[in-house]
Each structure stands twice: as C-alpha cells, then as structure tokens.
Amino acid sequence: MSPWTHPVWCQWYSGDTAAVSAPWLQDCVVSLSPCSDLMVVAKGSKAVFLSARWQTDDGGREGMTLAVSWSGTLSTNEGESVSNVICIPLASQKRSSTGRPDWTCIVVGFSSGYVRFYTESGVLLLAQLLNEDPVLRLKCRTYEIPRHPGVTEQHEELSILYPAALVTIDGFSLFQSLRACRNQVARAAAAGSEVVQPPPLAYKKWGLQDMDAIVDHSSVGIMTLCVFDQMRNASILGGFHASVKGSLPAMSQYITVGEDPTQGSSQPLLSHVALAVASKLTSALFTAASGWLGWKKQNEEEPTQKQKPKVEPATPLAVRFGLPDSRRHGESICLSPCNTLAGVTDDFGRFLLNWIKALLGWVQVSEGRGESSPSAPLPRRHAQFLVIYAPRRGILEVWGTQQGPRVGAFTVGKHCRLLYAGYRLMGVNSVTSQGWQLHTQQVCLFDPATGALRTVTVPFHLALSDKKSERAKDLHLLKRLTTLLKNYLESEAQRVLLDIKHPAIKKQALESLLANKNAPVSCLTNITRLLLANPEAVDEALLQLCSSQLKLLQLYTDIQQLHSTVEASTDAHTKPVRAEPLRIHTHFEELARVSLILQRYTELTSGSRPSVSFAQDSPDASLPVRGFLSQMEYCVVVYPVGSFLFWGCLIGESPLQKVCDTLQETGISPQHLLSLLLSVWLHREKEVLKKPKAVRHLHTLLTALSSMKGAVESSWDMQCVSPWWQQVRSACVQSHSAAAALLAAIVAHHAAKDNITSLAETKFQSEWEAVSLELEQWAVCVRQLEDVLALQTLLCVAPLKGTPGGATPHCSVKALLEGGRGGIADSVAKWVFRQDLAPERLKDMLQRRGEAQRTEQPSQPVLREKSQEDADFNRAAGEWRFPDSLSPDLLFAHCCWEYVVQWNKYPEEGRYLCCAVEHLKLVSSPHIQLGISSMMWNTFIVKRFSAAAFLMEKVGKAPKDRLCRRDVGMGDGATTSFLGSCVALLQILMEADSGIEEVTPPELCVEEVWGGAEGPASIVELALEQRGIHYPLVQHHCLLATLLHTAMTFNLRVKPLSLFDSKGKSAFFRELVSIQLMPSGDMDPGLVSLRQEFLLRVLTGWVKTQSEAGMAPASTRLDLDSGDEKWPSLCLDLGTLLQVNPDILRRHLVCELYNHGLDPRAEQVMLEVEDKDVLGSQLLVLTGQRLSYSLLHTQTQTKPAMELLARLPPTLCTWLKAMDPSELGCLSVPLSQTSRLVSRLIEILPENHGQYSLALHLLEAVEVLQGED
C-alpha cells in the first residue's frame, strides 16, 4: 500500500497535524478479511473500506494493493459511534468455485447496541438492536474440517459481546439471511423501488453473571465431557450420593476475560438453549416478516414516527469455572485454531515475558507431504505457533506450543497492528469444502507508517527445532543450499552439503546441486569425489548415486576434451572446407541404385522454406552438464546427448577409436549407445546428406559398437534374429527421416553381413557364403526403406499455392505397415490432391508409366517424362516399385475418396466433389465403382441431398443463398454444383450395377515386401464388401436429383416432392439396397400436368440462356451449366420418365426458339415434331406477332408499310391488330427469317386447314415487305 496520504484520513484529523503521525491508528477500529482482500478502518461514525486491486508502481512492477473503495458515515442514530468491526467472507455456492469468496460482509457494532451488516460498497443489508449497551467485541467461528474421527464437528456462529450479555447467531441462518438481503437489495436497486425491511435474525442471548466486568470472550463451541469429568462435577456439586445421568450432556462453552474473576467459563446445556431461543424468536419474527415476505397490503403505511425496537431480555448464564485474581484485569483472549489452547493478556503486562499491551495471534501449519517420515501414520500432523507483537518494544516473535522455544523474532514498527481473524469463510460445510483450497491468511501485521501489510508464515519443521533434531537442522541447510545455488559459491555450497547429516536430505541436496545450471563440471566432480571419499557419512543409496554420477561427469569431461582438442588442431592446420554434395560410395553398391532418388530428395528437403527455430534447439547448441546427467541417468534416448557423444565422430572432427574406448570404459550398455547414435543420425538428416564421409564414419562406429561386450552375443544362432541388429531395424522403420534411415540400413546391412561372415568362418571354417535369417530381414528392410524414400520424395514436392493440403506429410515403414493395404495408395492420393492434378492428367501419367514399363527394363528405369512432375511420379509410383499397391483402379478409388473427404471439410469447393466423381468414372472395375459410390452416397451425400430436397419443397422455389447455407451447409452456387454431382454419382451407380454381372470381382494383391501390412481395411476392400443396390430405387433418386439440379440451375418455382405420388415420396432417402414399393401404372392427370408445366419452364429457361449468350459479346460470355446443349434432350428423357408427352415438349421448344429469334435451331427441332397441325397453328400466331410488330409498331412504321396495310384484306388487318408483339422474346427479327418461317408454315399446314388462307395472305405480305426493303 502507498503511504497514508488519502484525503479521507485528512478529514478525520483536520487541523491536527501531530495526530496524523503513526499513533493515529491506535485510536481506530481495524479489521482485515481472512482473505486479505478487504480492510475496514473506522473511527467515531466514519469508516473507510479498502479493497485489493492490481496496480503498477513507478518502476513498472505490478502488485496487489489495498485502495479506498468506499468511505462515508456508518451511524444512523445521533450520538452513536463504531465500537467494533469484523469482515466475514461468504463462500460461493457455485459448483465451479474452488475456495474463493463470493463476497464479503462487513459487520459493524455500535455504541448504541445496534449491529449492522454492510456490503463491500457500503450498502446496508440488515440492522438489529440486540441490546441497549455498547458492542464490545464481534467474533466469528467458521467450519473447520475435523482432523480426527472423534473430534466433534463445530457449527458456524457469530458472537456479539455486550458489557453484561452475550448474543450468538447461528452461522447457517445468518449466511442464508445475508444472501437473501443482498439479492433483495440488488433487485430493488435494479427496479428503482424501496428496500423492504427484512425479518429479524434468530439469536441466543445470555446474561453473563458473577463477573464484575467483561471485556473479551471466545466461543469454544459444542463439547462433550468425558465420564470422569461428569462424575467429578456431580460429586463436587451434589456430594457423595449425587446421581449421574447415563448419557453424556453436550454443551456450548464460552470463555470470558475481565475483572473478578479474571477469566470465567460458562457452559449452557443445548436443551436449555432451545427453550431460551424459541420464545424470543416468535414474537419478533412475525412483526417484520409481513413486509419482507410480501404479505403487507399496498395501502398499509409505515408509522410516521420511528419507534425504538423492543429488546428481548437475556437468559441468565452463571459462571461454571473461574480464575479469581483481584489484582489482574484481563484485556483479551485469543483462541487457537484447534480450540485446545488460548492466549490471554492482562493489564499487568505479564504475559509470559512481561510484555505490555501485547497483541496475539495463532498460526496452524500442516506437515508437508515430503516432510513426514515413511513410518509416520496418517493423517498428517499439525503444529500450533503463537505470534506475539509487543508494540512498545517493536518486535514480533513466534513461539512454538505448548512448551516450545521461540522459533523466530523480527524487528518491526512500534505502532503496528497485529490482525488475527481466527476464522475463514462462512457458508462452508463438509460437502461443499471437498476439493477446495481455502485461500486465507491467518496472521497479518499492518504498519501504518509505510502502509505495508505483511503475512506471517511459519514452516512446519520449526516445530521440531530443538537441539536434538538433526533433521530440522538439515532442512535449514537444504534451504540455505538452495539460496546459495542462485549465486553459485563453490566452497560455501560444498561446506553446507557436507554438514547435512540425514541421508535422504543429503541426497536431495546433491540432486539439487547436480541440477544447478550455474555449477561447473569441475566443482561437481570434486564434490562427488569428496562424498565418495567419506563412505561412513553416506548410505548405500547415496553411495551408488555418487558412483554413477561421477562416471557420467568423467565421461562428459573426457568427451569435451576430445572434441576441443581436435577442433583446436583442425583450426590450426586446416582450411575451412565447403559442404560437398552427396556422392556415391563405391563400397556400398546399394547406393548406386537409389542415387537419383537421394539427389532429388536432397534438393526438395534442403530448400530455404521459412521456418521458426529456437537457439536452444539448434543442432550446434552446446549440451549443459545438468542436461547430460539427467538424460543419461534415466537412460532417456534423446537427440542432444547423442549429438554430444557422436556428432563429432560422424563428421570426422573427433577421434573415433578414442571416443569408443572412452564410452566402453564407462560401462554404459552398448544398446543405449546404439540408440543414441541412431537418434543423432536420424535427427540430423539434412547435415548428413551434405557430409559425404558421414556414411563411412557411421559404418566405423557401428562396427565398433558391435564389437563391445554385450552387443552381439557369441552364442547367437545365425538362423535366428539378432536383438542387436533388430534394434537398428526398429529405429530405421520407425523414423520419418527417409534418406537417413535408408543410409543407416544400408550401412548396418553391410556391418551385419561382415559380422555374420566372420562368425561363420569361426564356427564352420568353410568358404561357403553364410545364409541366415538376419540377412533376409535386412534385404526386406532395405527394399522397404527404398520404397519409402521414393514415396517421401514424391510427397515433398511443393504443392500449388492456395491448395488446402496442409503441411508436408511424412511417412515411414511402420506407418505404412500400420496403415493397411491401402496406406501407399492413400499417401499418393493425398499428393494428387495437394498438387491439384486433374483426373485426366493422372490417367495420362499412369498410361505413360505403363508404356515405360513395357518398353524399359525394371532394373534400369530410364523414363522419358514430359516434366519434372512426371519424373517424380514415375520414381515413386513406377510399376517396378508398386505394381499392385498403386494399380490404376486402386489409385483412382483412393483419389476419389480423398477428394470427397476434402469436399466434406470445405463444402463450398464444389469442384472437389466434381473431381471425386471424375476419378470414380475412371475406375474400370464395376465392383469397385459400385462399392465406392454406395459408400459416398451413404457417408457424405444423402444427408445434404435430403436437406436440399426438403428445403426446396418448403419454400416452393430455388432457395436463396442464406437458406442454403442454413439447411444444406453451403451457398446456392455450391448447392447447384452439388446436385449436379449427385446426378452424375447416381448415374455411375446405375451403370456399375448394370455391368457387375459381366465382370468378375478383382483380386487385391500387394507387393511381397509389403505383405506384412496390418491395419484398417482399405477403401477398395470396404468397397468390395458393399451389398448390391436396388436399381429402380437408385433411378428414382436420380430422377429427383435431376429435378433439383434443374430447378436450381434455372431458378424455377417448383415443389419437387409434390411431383410424385405417395409411393414415390415414401421411397425417397431410403437405403439404396432396400426393396421399396415404387410408383407404377398411369399417373394422376393432375401430377402429369404439374410435371409438364415444370418441364416447359425448363425449356423456356434454357432458350433464354441461349438467346442471352448469343447477344452477349464474345469476351463476356461465360461457360454456364445452364447453357449446356444437353438440356433439351434431358427434358425429353425426363418427359418419358414422368409420363409427359414428348411431342408437347418438342412443340414448346420450337415455339420458344422461334420466339427468341433462334430460327435455325427451331427448324432442326421441327423435324422431330409429330403433330404438325398443332405446331402450325402455334407458329402462325408467332408469325402474326412478328408482322404486327413490323407494320403497326409506332417507331418502325413507314409509308410503304402503311400502304401495304391498306391493301391487306380487312380480315388479315383485324387479325394482325389483335396480335400482341410484347410476348415476343426477340422483336428485331430479319424479314428473311420471317419469310422462311411462313414458307415452313405453308408446308406443314394442310390445304384444308382453317387457317391455310391466312397463312397465304401472310406470305404475300411478307414478300411485299421484303421486296420494298
């Protein structure tokens, strides 16, 4: 807290500057919440509330401070002043609470006898007059978890001391009343209404007798006497023949201090308590409850003159025991948390050591989990400490109880206040406190001169701090050692460590020293040797620890010296050499076979792609000794340790033989060293590929490690698998560093072959080449790693920008084997998606791969690729490498599934689903097509498809973008594309079902080296397990999908499900394998009429798009799906399925084409019309509309046209005037086209037709107009 310069304090002491000095606090009433988040300072009728807040000081440091949150006057009656204050935090009732208070209630006692309850913001909640004397003390008792099963559980209670009375209020009822008052005040403030007076609190009031004066008290709680005490009391009070009850009485104990006697104890029985409270509560409750509970009538008014509340009389309570001392006057009593001890001060100032005006507090500490001995019984122990503050001497001392010594003393100010609450949170019980951590402070010291609030914390081990407790001394030394390690002092730390006697603590100290980042290696070595030199001062476990750590420290020192010596000689005699590219090592012939792939892999992985790295993760970062010790102690295989030991050897900067000899002397198992060597080799792949000699050095290290004792057993049977070489294979097949794993496998293969050959010569002494199971395992492993390297090289090709493929996937032999038989095809499918390869492009690449396989030898795959992309694909997916796992059907099936999965993630990308369907079309096997189509439909399609159908049925038209996003999960454009893909998918499903009987199911094979693949079934395997479909049901859904797609394409009004009868509706969205009752026979004429109207609108919409496309400039034309030439034939096919006369559709299409001026197309369709008479009548009207527009339109009328109109027959003139040219889609049609149309009319109309003569007149008029033009 900042110094006390707030204006509030100046108002209290205006005009008196001397009073603002330090002693001013002694005249105030101060109370601090146990949570240390609220402090109340009061004097007279004024008070200030200070709340905890985070603030930043001038130095920029943040800290918790107590700042003024409210100040004002608390008294409401004239002449009354604040006599005592207490802050009670109330527990939260929420399930998520962890022990923090919900809010804090401030209880204030006044000189008038009133007790008032306030919120943190100074709002009055409740006020009650309990006695007409001044309030002397307010104390609270909250729930404490019983430490032992036999301890009585104490209830919460608020006690109020008056000069001659003691009032107690039950904590549970007080908690509920305060919560209700706070809620009612908040509701009244929100509604702007007055606060209703709450009902009075239930309380017990005792008249304290047999004492001249009482100044303080403590409520011990409910207690039960033992049988001996009961008999003793009965004999003292009733004599020798007194009777004793069978049951032990329970009683509440109250202890008071004052004068004559100095200390007294009263114990009312609980049965007497109930009778005393009942009569007091009844009369007061119903007088005030009417307004609180809402029973008061609205016209009932409060009395204008405030009457003084009635004060209930007290129940007499005599002193049961007392300590008479006429010269001593008690001033305060402070009860310990365990309710077994109490500290009392008097006016003689003779509390223990003659302290005058001493202030007391208690600190209870639980034993830590690491401080108890292994044989210590549960539960954990507790220790009590008494805190004494002597104001006149300005010291604060901490004493152990009961006869313990002083464990601490501090010099503080002479005008401080020791703040001890003695309680925690109110509202806690045995159920709600489970899992809570109560964040409360027990004793705090407040210094008004500096504004500092300090907490008194005592460690538990101080309760053991006597001269015979070596363990407590060792704990002190351990704490001192921890402090010394922050600023490392070698001699001091060494002395402290040797002074520790307890073995467990000494081991803990040594571990702390070894884990210190500031300790040099030489110091650690010296201290460890010193401990080993005194075996009598350490136990066996510590001796073993010192021995193992000393070996590791010596190893660390030797390796460092070897590295530094070679580096110094290299810097002095050699020049820096640039990193050489990877070259072929002639003594490893397998490298020649994969040299091209290795070079391409190096190019792809050594690119300068942006990335984030940290200095401590750098490959060249030095390994601190504490990291080396911690990782080697627990045999953890981590890259930094391997790099520290072997990297210098791998790059040729450290002597290989000396390093191996040093490692062998330490006694570290060869298997652990092998794991460390492989970890650094596989982790630093990029550096390995740039060091051409690293492969040879790896071979040397592997050979050296293999020759160590315990590596390869001499009794090993060559027809069994060696655990040593199996460890190398396991590391290689699990690694995602494909190139480094392959190089390590090739080197290990050669080392194993040499080892087997030498063993065979020793055992058999024969010139025959040894054949063993180990070499077979290595041949399979090397071939698998070659395949993985080729596949990983393909996956490392950078994807196109904007493709949501994510990070580069990494594969390993283990991952591919665990991925099942489809793992390889799935990886390539993901690459196809990341590269955004078109299905036809992939088909072309697969075809050329097959041609190259037929023309070239598999052992020398010299391909003629069109691009680098083809080269990468052929190296990874060539038929000589994956003839079965990457067969065209499997790859297309996996690509199809990958695209549909990506579409499901990004449904707005309709092209993903289109690509999936295109890949599915390229699958040659109808069995695979059928299974994949069924799985796609059931997994991804049918839910969105049904949502689109129901949405269109609901709105009666093609839905807008917002509705599509809400119900279908994509926009209107994506929904149109989705429905088109649904049509294509269902058509593939029907075609596959038709051809499934003619082709046998394919047999799924896998390469020999990948025959051990185990994992989930591949997509193709699942597809072949799918059941057959019901063809009519699929056709039924395909018809609905076509209708939905058509409506969305041309934005038509239609209810698609209403175009079907009840049987057709019920069959939709069922399992495609189920047999459903389908519509059959003639359809209802009403439905046929609706279907015909819909198809006619489709044709009209298509013709409009053709007309608009023809009039638009060539540069602005779009290749729209609605302009596709397939729509007229599709409508005719739909007409056949929907029982609509196709000739009606053709006639309508002809009329619409002529209507929009597309005469050439109309003449082509006219050839297919069967009913020419009806068509002629329809076209005759259209011709009349064209002539009417040419002759009668105001803007185009000319003098020849007027003269021609006058020469026409009256019947023709009348007929032309009746025509409406506004119905024409295209008004400006050349007369030549109209003349040709009339000629076609005369050809198709019979001479006996009623309008044949009208057609002749039209022909004559058109010829005249054409001649004049």
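For clarity, every value in this text was computed on a predicted model and none was experimentally measured.

Engineer: Describe the packing of helix H20 (residues 773-795) against helix H22 (residues 823-835), listing the residues and the values that go with them.
Structural biologist: At a minimum axis separation of 10 Å, H20 and H22 run at an interaxial angle of 20 degrees. In terms of orientation, H20 and H22 fall into the roughly parallel class. In the crossing of H20 with H22, the sense of the turn from one axis to the other is left-handed. When H20 is examined against H22, the residues Leu791, Leu794 and Leu795 are found in contact with a partner set consisting of Ile824, Ser827, Val828, Trp831 and Arg834. Looking at the contact of H20 with H22 residue by residue, the class counts come to six nonpolar, one polar and one charged.

Engineer: Describe the packing of aromatic side chains, listing the residues and the values that go with them.
Structural biologist: Per the stated rule, a full pass over the model turns up 15 aromatic pairs. The interplanar angle of 40 degrees and the centroid separation of 5.9 Å between the aromatic rings of Phe1068 and Phe1069 together place this pair among those described as tilted. Residue classification places Phe1068 among the buried residues on the basis of a relative accessible area of 4%. Residue class for Phe1069 comes out partly exposed when judged on its relative accessible area of 21%.

Engineer: For the sheet that holds strand S25 (residues 443-447), give the residues involved together with the corresponding values.
Structural biologist: Taken together, the three strands give an open sheet; going across it, the order is S24-S25-S26, and neighbouring strands pair in antiparallel fashion. Two strands bound the open sheet, and with one partner strand each, they are strand S24 (417-420) and strand S26 (452-455). Each strand axis lies, on average, 25 degrees off the axis of its neighbour in the sheet, ignoring direction. Both S25 and S26 contribute to a ladder of four bridges, which runs antiparallel. Bridge pairing links Leu445 to Arg454 in S26.

Engineer: Got a sec to walk through the sheet that holds strand S22 (residues 395-400)? Specific residues and values, please.
Structural biologist: Strand pairing in a sheet relies on backbone hydrogen bonds. The paired strands run either parallel or antiparallel. The four strands lie next to each other as S20-S21-S22-S23, forming an open sheet whose pairing is antiparallel. Whereas interior strands pair on both sides, the edge strands pair on one side only; in this sheet they are strand S20 (359-366) and strand S23 (406-411). The average undirected angle you get between the axes of adjacent strands in this sheet is 20 degrees. Where strand S21 (residues 382-390) meets S22, six bridges bridge the pair, whose relative direction is antiparallel. In the strand pairing of S22, Val387 is matched with Val398.

Engineer: Let's hear about H20: which residues, and what values?
Structural biologist: Under the 1.5 Å per step criterion, the end-to-end length of H20 is 33 Å for 23 residues, consistent within 8% with the ideal 33 Å. Of all 23 residues in H20, 17 are buried, a share of seventy percent or more.

Engineer: Quick one: what's the story with the packing of helix H27 (residues 926-955) against helix H31 (residues 1031-1050), residue by residue and with numbers?
Structural biologist: The geometry of H27 relative to H31 is characterised by a closest axis approach of 11 Å and an angle of 55 degrees between their N-to-C directions. What the angle tells us is that H27 and H31 run oblique. By crossing handedness, the relation of H27 to H31 is classed as left-handed. Mapping the contact onto sequence places Trp937, Phe945, Ala949 and Met952 in H27 and His1037, Leu1040, Ala1041, Leu1044, Ala1047 and Met1048 in H31. Partitioning the contact of H27 with H31 into residue classes produces nine nonpolar, one polar and no charged.

Engineer: Run through the side chain of Gln1185, naming residues and quoting values.
Structural biologist: Relative to the helices and strands, Gln1185 is located in helix H37 (residues 1172-1192). Taking the relative accessible area as the measure of exposure, Gln1185 reaches 6% and is therefore buried. A polar side-chain atom of Gln1185 sits 3.0 Å from a polar atom in the side chain of Glu1223. Setting aside its immediate chain neighbours within four residues, Gln1185 contacts Met1219, Asp1220, Pro1221, Glu1223 and Leu1224.

Engineer: I'd like to hear about the pattern of salt bridges, residue by residue, with values.
Structural biologist: When charged atoms on two side chains of opposite charge get close, those side chains can pair. In the structure shown here, the tally under the stated rule is 30 salt bridges. Of the charged contacts, one joins Arg1236 and Glu1163 as a salt bridge, the two residues approaching to 2.6 Å between their closest N and O atoms. Linking Arg1236 in helix H40 (residues 1231-1244) with Glu1163 in helix H36 (residues 1159-1166), this pair joins segments that are 73 residues apart in sequence. Judged by relative accessible area, Glu1163 falls into the buried class, the value being 17%. Because the salt bridges share partners, they merge into one network encompassing Arg137, Lys139 and Asp216.

What counts and what doesn't
Residues numbered from 1 in each chain as written. Predicted model: local features only at pLDDT ≥ 70, side-chain atom pairs only at ≥ 80, totals over all residues. Heavy atoms only, no water. Axes fitted to C-alpha atoms, helices over the stretch in contact; angles between N-to-C directions. Helix = DSSP H or I, 4+ residues; strand = E, 2+ residues; numbered from the N terminus. Parallel < 35°, antiparallel > 145°, perpendicular 65-115°, else oblique. Left-handed = near helix turned anticlockwise from the far one by under 90°. Contact = heavy atoms within 4.5 Å. Nonpolar A, V, L, I, M, F, W, Y, C, P; charged D, E, K, R; others polar. Phe/Tyr/Trp six-rings, centres within 6.5 Å; stacked < 30°, edge-to-face > 60°. Buried < 20%, exposed > 50% of the residue type's maximum accessible area, 1.4 Å probe, protein only. Pairing = 2+ DSSP bridges. Expected span 1.5 Å × (residues − 1). Polar contact = N/O pair within 3.5 Å; in protein donor to acceptor, adjacent residues only side chain to side chain. Salt bridge = Lys/Arg side-chain N within 4 Å of Asp/Glu carboxyl O.

Everything listed here is a matter of coordinates, which is why it stays silent on function.
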